[in-house]
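# Coordinates in review
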Amino acid sequence: DVKVTQSSRYLVKRTGEKVFLECVQDMDHENMFWYRQDPGLGLRLIYFSYDVKMKEKGDIPEGYSVSREKKERFSLILESASTNQTSMYLCASTLADQETQYFGPGTRLLVL
Amino acid sequence: AQSVTQLDSQVPVFEEAPVELRCNYSSSVSVYLFWYVQYPNQGLQLLLKYLSGSTLVESINGFEAEFNKSQTSFHLRKPSVHISDTAEYFCAVSDYNQGGKLIFGQGTELSVKP
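The paragraphs below set out a description of the structure included in this document.

Criteria and thresholds
Residues numbered from 1 in each chain as written. Chains lettered and ligands numbered in written order. Predicted model: local features only at pLDDT ≥ 70, side-chain atom pairs only at ≥ 80, totals over all residues. Heavy atoms only, no water. Helix = DSSP H or I, 4+ residues; strand = E, 2+ residues; numbered from the N terminus. Contact = heavy atoms within 4.5 Å. Salt bridge = Lys/Arg side-chain N within 4 Å of Asp/Glu carboxyl O. Buried < 20%, exposed > 50% of the residue type's maximum accessible area, 1.4 Å probe, protein only. Pairing = 2+ DSSP bridges. Axes fitted to C-alpha atoms, helices over the stretch in contact; angles between N-to-C directions. Patch = residues over 30% accessible without salt bridge, like charges linked within 9 Å, V, L, I, M, F, W, Y side chains within 5 Å. Areas by Shrake-Rupley, 256 points an atom, 1.4 Å probe, with all protein chains shown as cover. Disulfide = S-S within 2.5 Å. Core = buried A, V, L, I, M, F, W, Y, C linked by side-chain atoms within 4.5 Å. Buried area = accessible area lost by both parts, 1.4 Å probe. Polar contact = N/O pair within 3.5 Å; in protein donor to acceptor, adjacent residues only side chain to side chain. Nonpolar A, V, L, I, M, F, W, Y, C, P; charged D, E, K, R; others polar.

## Points about the side chain of aspartate 38 of chain A
Secondary-structure assignment places aspartate 38 of chain A in strand 4 (residues 31-38). When residues no more than four places from it in sequence are discounted, the contact partners of aspartate 38 of chain A are Arg44, Thr86 and Ser87 of chain A.

## A closer look at the pattern of salt bridges
All names here are of chain A. All told, the structure shown has 10 salt bridges over all chains when counted by the stated rule. Between lysine 71 and glutamate 30 there is a salt bridge; the shortest N-O distance is 2.9 Å. In this pair, lysine 71 is assigned in the loop between strand 7 (64-70) and strand 8 (73-78) and glutamate 30 in the loop between strand 3 (19-25) and strand 4, connecting sequence segments 41 residues apart. Ionic pairing is found between arginine 44 and aspartate 38, a salt bridge with its closest N-O pair at 2.9 Å. The partly exposed category is assigned to arginine 44, whose relative accessible area is 26%. For aspartate 38, a relative accessible area of 12% corresponds to the buried category. Several salt bridges converge on common partners, so that one network encompasses Asp28, Glu30 and Lys71.

## Some remarks on the sheet that holds strand 7 of chain A
Residues and elements named next belong to chain A. Strand order in the open sheet made by the 4 strands is 1-3-8-7, with antiparallel pairing throughout. Edge strands, defined here as strands with exactly one partner in the open sheet, are strand 1 (4-6) and strand 7. For this sheet the average axis-to-axis angle between neighbouring strands, irrespective of direction, equals 20 degrees.

## Thoughts on a nonpolar patch on the surface
Residue and element names in this part refer to chain A. Nonpolar side chains collect at one region of the surface, where Val12, Leu110 and Leu112 lie side by side and expose about 260 Å² of accessible area between them. Considering the arrangement of structural elements, one finds valine 12 in strand 2 (residues 10-13). On the basis of relative accessible area, valine 12 is assigned to the exposed category, the value being 53%.

## Focus on the state of the cysteines
Residue and element names in this part refer to chain A. If you walk through the whole model with that rule in mind, you get 2 disulfides over all chains. Two residues share a disulfide in this structure: cysteine 23 and cysteine 91, whose sulfurs sit 1.8 Å from each other. Here the S-S torsion is close to -75 degrees, and the disulfide linking cysteine 23 with cysteine 91 is therefore left-handed. Linking cysteine 23 in strand 3 with cysteine 91 in strand 9 (residues 87-94), this pair joins segments that are 68 residues apart in sequence. The burial state of cysteine 23 is the same as that of cysteine 91; both residues are buried.

## Some thoughts on the nonpolar core
Counting residues in each nonpolar core, the largest one holds 29 residues, and the members touching the most others are Leu33, Trp35, Leu47, Leu48, Phe74, Leu76 and Tyr89 of chain B. Not counting chain neighbours up to four residues away, the residues in contact with leucine 48 of chain B comprise Leu33, Phe34, Trp35, Val57, Glu58, Ser59, Phe63, Glu64, Ala65, Phe74 and Leu76 of chain B. Trp34, Phe74, Ala81 and Cys91 of chain A belong to the second-largest nonpolar core, a separate cluster that totals 20 residues.

## Quick look at the interface of chain B and chain A
With 25 residues of chain B in contact, the opposing surface of chain A contributes 25 residues. Here chain B packs against chain A, burying approximately 1800 Å² in sum over the two surfaces, 52% of which is carbon and sulfur. At the junction of chain B with chain A, the criterion picks out 0 salt bridges. The interface formed by chain B and chain A includes 4 residue pairs in polar contact (both at pLDDT 80 or more). Where the side of chain B that touches chain A is concerned, the elements lending two or more residues are strand 5 (31-38), strand 6 (44-50), strand 10 (87-95) and strand 11 (103-104) of chain B. For the side of chain B that touches chain A, the element with the highest residue contribution is strand 5 of chain B, accounting for 4 residues. When grouped by side-chain class, the residues that make up the side of chain B that touches chain A number 11 nonpolar, 11 polar and 3 charged.

Written out as structure tokens, the structure reads:
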């Protein structure tokens, strides 16, 4: 079974802090994604990556950056957390474009 | 740009009743279509998908969805729901050659009552 793990289930940070969210997949998938999930808005794509050291902006990249130094790991970085970044963050990976995306359990981030 | 609309944000039903969760997407170009389910306090997991071939696709737990190209719809149905089907359901679309990038709908919260 594919496993996608995220470093924390719950996180509380203060405004202005730098926040790192880590995601690891164990199936040698090429493509990895970061989404945020908000009630009534569904999932919105923040960034994605097709390969190591490659990254592409999704629909809402402002205030975020990413890092993919190893194939199995995709990190989301909030350079200076703000209260409007309070949300559920979901990581996913997939082998190819028509294949299933496998999701991690999510990180619920609260920025005070 | 591609967009996905789930017409109902909440659908309350009684156990053993039929249910339909509606999904429409904006573009008629070639697409892949997905339904994902999110049980409480969990990540999303794939329920079923349409890639090509038969327009009716089924899941292992009794859900089915029909791809209707002329109406750009991919509605999800189940003839008889169980309490355990209570979850949030997301419709998603992916254009060909987009590296698996998905556009999600807003989600439909299915609540099955005894």
